[in-house]
There are 2 protein chains.
Amino acid sequence: MPNDNTVKSLARAVSVLECFSQKEPELGVTEIADRLKMQKSTVYNILTTFQSLGYLIKNPSNNKYQLGYKLLHLGYIVSSNMSIRQQFIPHMKQIANACGEVCYLGLLDRMEVLYVEAVYPNSQIQMRNILGERAPLHCTGLGKAMLAHMKPEEIREVLSGPLPGFTKCTITDPAVLSNELEEIRNNGYAVDNMEHEFGIRCVAVPFFSMDGSVMGAVSVSGPSPRFDPASVIRNAALITEHLQGLQHCF
Amino acid sequence: MPNDNTVKSLARAVSVLECFSQKEPELGVTEIADRLKMQKSTVYNILTTFQSLGYLIKNPSNNKYQLGYKLLHLGYIVSSNMSIRQQFIPHMKQIANACGEVCYLGLLDRMEVLYVEAVYPNSQIQMRNILGERAPLHCTGLGKAMLAHMKPEEIREVLSGPLPGFTKCTITDPAVLSNELEEIRNNGYAVDNMEHEFGIRCVAVPFFSMDGSVMGAVSVSGPSPRFDPASVIRNAALITEHLQGLQHCF
DNA sequence: AAAAAATGTTCAGTAATACTGAACAGAGTT
DNA sequence: AACTCTGTTCAGTATTACTGAACATTTTTT
């Protein structure tokens, strides 16, 4: 290793930002320092800097920090350059209305599912903003649909990594998951049988970019009793049909 | 000034990220280095670091960079902790339907308008994601409604700064704008008379947090012919009425 | 096709600064 | 009032981020 020109202080600072999550939106100096095994004063300086730049907000009542609105703007720039979203939405509406379930669009990003859009049936206005949500590959319909078509070494990497269980249905055995991926490749669609959220089943179909690599997936998702074997097949066919009209775009 | 413990390399790195915009989503090393008057290799190292962290994506065909999907996730965390959005949406729907125009919600953030939501009339599904968009204070309805109620020294700061013209109607004279702010305070609402986008008029009403400081504003906006004096007053009253039902929340 | 210009990339050296670690301050609890 | 837990400050040094020139690669011009 001759030269590592990566800016390490920047990587550290970013790791501070990444401590914040939906579940822990507010964190203090010591909390972050302990978690990252960094010096308190180092974390303090980073937090202060981010705050002065608008990327963190300090709550004066308890001296804790949360992510700042400047991040919304950067996210906005990303989203306004995502043409794929606009292309998919009309199809997702049709899919959602045809089967009466919520339709999701996800992209493969850094070995995770990146949620891009959720469309609800009956032209109900979508209240929930899902763009930017993330989920693991091994226990979601979208994730498994994509994982099945990733490069063998990438699949191996995921299978060898930890496979955290979310429900009692989550597949945590690499061998079992590997078999399921084979089945997904044969079927052309993936089924999430309450593996991420208990009581929710999901059918997902992947789509590919021009170079043949998997790019993302579209799913429909709802209460498990509505997803009997027949409707699973029906929904998979429905999504596949719509994706065929889109394949030329990427 | 005894000690400035702000992390300067971090501020520099962030300034690199902030070069990217909706209009210039893709930038190269030299382009950024020139703009920020930084060394090429310094910028290169920063870009490489951000890329490895997923905050920038490198286009291999032209070696240019664009903002990465990781930023969507940070933005998502911010947005999912913004309860204000969910509180306002039902009222915005009613406002939009009652007057037949688009209804906007904006917050005051760092001397700019931060757009939070846009609701279209006739329960048309909103296609455009506006959360995170920004605009100046001096030439938008939302901005002027808020500016009028900011602290005198903050107002002076904005008035003394540059007031860039967007259309031929933009108020670029600080004295004229100052008078208009007085009028806005008297009326209780602000009117944007094609000052930001030509042909678009807008009526905006501010709202305040418990400590009495201005927090944001709600507006309706549409083609100028539909905004005659009578409907301006009617729309202002409509928004004001809905805001009264919300004031206790903040 | 060759030359020139512009862009991205690498790397050794040093100038800058980010981090350490201990002390202080302040809030909250016992 | 003592204690514990936070956040904050700061001088010193060890780290490392940046400089600047050279190289590589692509694009444009001649």
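Residues numbered from 1 in each chain as written. Chains lettered and ligands numbered in written order. Predicted model: local features only at pLDDT ≥ 70, side-chain atom pairs only at ≥ 80, totals over all residues. Heavy atoms only, no water.

### Describing the pairing of strand E1 (residues 56-59) of chain A
Across a regular strand the side chains alternate sides, sitting on one face of the sheet and then on the other.
All names here are of chain A.
For step 1, the next point in the chain: Pairing of E1 with strand E2 (residues 64-67) involves four bridges; the strand directions are antiparallel. Along E2, the bridge assignment pairs Lys58 with Tyr65.
For step 2, the next point in the chain: As consecutive antiparallel partners, E1 and E2 are separated by four residues, and within that stretch Asn63 has a phi angle of approximately 60°, a positive value. (Pairing = 2+ DSSP bridges. Helix = DSSP H or I, 4+ residues; strand = E, 2+ residues; numbered from the N terminus.)

### Concerning the interface of chain A and chain B
For step 1, the next point in the chain: Contact residues are listed per partner, giving 59 residues for chain A and 59 residues for chain B.
For step 2, the next point in the chain: Connecting chain A to chain B are two salt bridges.
For step 3, the next point in the chain: Its salt-bridge partner being Lys70 of chain B, residue Glu18 of chain A comes within 3.0 Å of it at the nearest N-O pair.
For step 4, the next point in the chain: Counting across the interface, chain A meets chain B through 17 residue pairs in polar contact (both at pLDDT 80 or more).
For step 5, the next point in the chain: The set of elements that each furnish at least two residues to the side of chain A that touches chain B consists of helix H1 (8-17), helix H3 (40-53), helix H4 (70-80), helix H5 (83-99) and strand E3 (102-109) of chain A.
For step 6, the next point in the chain: Top element by residues in the side of chain A that touches chain B is H4 of chain A. It accounts for 11 residues. (Contact = heavy atoms within 4.5 Å. Salt bridge = Lys/Arg side-chain N within 4 Å of Asp/Glu carboxyl O. Polar contact = N/O pair within 3.5 Å; in protein donor to acceptor, adjacent residues only side chain to side chain.)

### Observations regarding the relation of the copies chain A and chain B
For step 1, the next point in the chain: The two copies are related by a screw operation: chain A maps onto chain B through 180° of rotation and 0.0 Å of translation along the axis, at an RMSD of 0.0 Å. What we have between these two chains is a two-fold relation.
For step 2, the next point in the chain: Counting the interface residues of chain A, we find that 100% of their copies in chain B are interface residues as well, pointing to one common contact surface. (Least-squares fit on C-alpha atoms with pLDDT ≥ 70 in both.)

### Re the environment of Ser21 of chain A
For step 1, the next point in the chain: Relative to the helices and strands, Ser21 of chain A is located in the loop between H1 and helix H2 (29-36).
For step 2, the next point in the chain: Separated by 216 residues in sequence, Ser21 of chain A and Ala237 of chain A place their C-alpha atoms 36 Å apart.
For step 3, the next point in the chain: Among all residues touching Ser21 of chain A, those that are not within four sequence positions of it are Ile77 and Asn81 of chain B.
For step 4, the next point in the chain: One polar contact links the side chain of Ser21 of chain A to the main-chain amide nitrogen of Glu24 of chain A, over a distance of 3.1 Å.

### Let's talk about the pattern of salt bridges
Residues and elements named next belong to chain A.
For step 1, the next point in the chain: One pass over the structure, following the stated rule, counts 20 salt bridges over all chains.
For step 2, the next point in the chain: Where Arg134 meets Asp109, a salt bridge forms, and the shortest distance between an N and an O atom there is 2.5 Å. Here the residue Arg134 occupies a position in strand E5 (residues 134-135), and Asp109 occupies one in strand E3, the gap between them amounting to 25 residues.
For step 3, the next point in the chain: For Arg134, a relative accessible area of 11% puts it in the buried group.
For step 4, the next point in the chain: Here Asp109 falls in the buried class, since its relative accessible area comes to 12%. (Buried < 20%, exposed > 50% of the residue type's maximum accessible area, 1.4 Å probe, protein only.)

### Things to note about the domain arrangement of chain A
For step 1, the next point in the chain: On domain assignment, one finds that chain A holds domain 1 (8-72) and domain 2 (82-249).
For step 2, the next point in the chain: Taking the mean C-alpha position of each, domain 1 of chain A and domain 2 of chain A sit 33 Å from one another. (Domains from an automatic or database assignment.)

### Here we look at the packing of aromatic side chains
Residues and elements named next belong to chain A.
For step 1, the next point in the chain: Evaluation of the coordinates by the stated rule reveals four aromatic pairs over all chains.
For step 2, the next point in the chain: Aromatic pair Phe88 and Phe207: ring centres 4.9 Å apart, planes at 35°, arrangement tilted. Linking Phe88 in helix H5 with Phe207 in strand E7 (residues 200-208), this pair joins segments that are 119 residues apart in sequence. For the pair Phe88 and Phe207, one class covers both residues: buried.
For step 3, the next point in the chain: Relative to Tyr115, the ring of Tyr104 lies with its centre 5.7 Å away and its plane at 75°, an arrangement referred to as edge-to-face. (Phe/Tyr/Trp six-rings, centres within 6.5 Å; stacked < 30°, edge-to-face > 60°.)

### A word on unusual backbone geometry
All names here are of chain A.
For step 1, the next point in the chain: Unlike most non-glycine residues, Asn63 shows phi in positive territory, near 60°.
For step 2, the next point in the chain: By the element assignment, Asn63 lies in the loop between E1 and E2.
For step 3, the next point in the chain: Positioned with a positive phi, Met194 is a non-glycine residue whose angle comes to about 60°.
For step 4, the next point in the chain: With respect to the element layout, Met194 can be found in the loop between strand E6 (190-193) and E7.
For step 5, the next point in the chain: Using a relative accessible area of 13% as the deciding quantity, one classes Met194 as buried.

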